[in-house]
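# Descriptive analysis of the structure
Residues per chain are reported as follows:
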Amino acid sequence: MVVRQTDGKVLVIKRADDGRWVPPGGVLELDETPEQCVVREVREETGIEAKPVRLVGVYKNMDLAVVSLAFLCEPVGGELSTSDESSVAAWLTPEEAIERCPEARGVRIRDALADDGPHVRAHDGTSLLSGS
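Okay, so let's go over this structure. (Residues numbered from 1 in each chain as written. Predicted model: local features only at pLDDT ≥ 70, side-chain atom pairs only at ≥ 80, totals over all residues. Heavy atoms only, no water.)

### Here's the deal with the sheet that holds strand β4 (residues 48-61)
Quick reminder of the rule: A pair of strands is treated as paired once DSSP finds two or more bridges between them. Put simply, DSSP H or I for four residues or longer makes a helix, DSSP E for two residues or longer makes a strand, and each gets a number counted from the N terminus. Note on contacts: a residue pair qualifies if any of its non-hydrogen atoms lie within 4.5 Å across the two residues. To get an axis, a line is fitted to the C-alpha atoms, and for a helix only the part in contact is used. The angle between two axes follows their N-to-C directions and goes from 0 to 180 degrees.
The strand order β1-β5-β4-β7 describes an open sheet built from 4 strands, whose pairing is mixed. Every interior strand has two partners, whereas the edge strands, β1 (2-3) and β7 (119-123), have only one. Summarising the sheet, β4 and β7 pair through 5 bridges and their orientation is parallel. Pairing of G57 across the sheet is with H119, part of β7. Against the sheet, helix α1 (residues 34-46) contacts β1, β4 and β5 (66-78), and its axis sits at roughly 110° relative to β4. The strands touched by helix α3 (residues 103-113) within the sheet are β1, β4, β5 and β7, with β4 carrying the most contacts at an inclination of about 120°.

### Looking at the environment of P34
To keep things clear, this is the line we draw: Only protein chains enter the accessibility calculation, which uses a 1.4 Å probe; a residue is then buried when its area is under 20% of its type maximum, exposed when over 50%, and partly exposed in between.
Within the secondary structure layout, P34 lies in helix α1. With relative accessibility at 31%, the residue P34 sits in the partly exposed group. Measuring from C-alpha to C-alpha, the distance between P34 and H119 comes to 17 Å, with 85 residues separating the pair along the chain. Beyond its immediate sequence surroundings of up to four residues, P34 is in contact with L28, L69 and F71.

### Overview of the state of the cysteines
For the record, the criterion: Two cysteine sulfurs form a disulfide in these notes if their separation is within 2.5 Å.
Taken as a whole and assessed by the stated rule, the structure comprises 0 disulfides. Looking at the unpaired C73, the closest cysteine sulfur is the one in C37, lying at 10 Å. Judged by its relative accessible area of 2%, C73 falls in the buried class. This cysteine, C101, is not joined by any disulfide, and C73 carries the nearest cysteine sulfur, 15 Å off. Residue C101 is classed as buried on the basis of its relative accessible area, which comes to 9%.

### A closer look at the environment of L55
Here L55 lies in strand β4. Once the C-alpha coordinates of L55 and V120 are considered, the two residues, 65 residues apart in sequence, prove to be 11 Å apart. If we ignore the near neighbours within four places in the chain, the residues touching L55 are L69, A70, F71 and P118.

### Examining the nonpolar core
Heads up, the rule is: Working definition of a nonpolar core: buried Ala, Val, Leu, Ile, Met, Phe, Trp, Tyr and Cys residues. They are joined through side-chain atoms within 4.5 Å.
By size, the foremost hydrophobic cluster in this structure holds 16 residues, and its most contacted members are V2, V12, A97 and I109. In terms of residue count, the dominant contributor to this core is α3 (3 residues). Once residues lying within four places of it in the same chain are set aside, the contact partners of V12 are W21, V22, P23, P24, V88, A89, A90, L92, A97, C101 and I109. Counting residues in hydrophobic clusters, the runner-up holds 10 residues, among them M1, V38, A50 and W91.

By themselves, these are just geometric observations and shouldn't be taken as functional.
Structure representation (structure tokens):
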């Protein structure tokens with residue numbers, strides 16, 4: 001999920017398990033809609049309450065056969081904090097966030113801020129695959 005403040009900064013976390021910088025996200029539970037998952041995962045990982053605005057992309061990790069949806073969101077409350085899943089939660093400029101993230105995650109930020117989506121992309125967990 002890409003949460004963007006009115007000043008343009010986006011929310012990213014440094015994952016506690018592998019140290020990678022990524023937008024917050026997670027796994028959809030059986031009893032929730034994609035939008036409910038967005039709200040829950042952003043809150044759990046960052047303390048921020050987010051409101052989904054629009055779907056910006058569909059991303060498939062070809063190595064793991066996992067499909068992810070990305071939504072552009074706006075913050076509507078909460079206090080920035082970390083969790084068991086995030087060692088750091090921060091508001092960064094899009095350029096700073098994209099630079100810190102692996103290509104396969106940074107592109108989600110770029111796609112969310114573009115007006116031409118939703119995008120459909122394939123990756124290997126780190127890099128985009130040709131044609132994406």
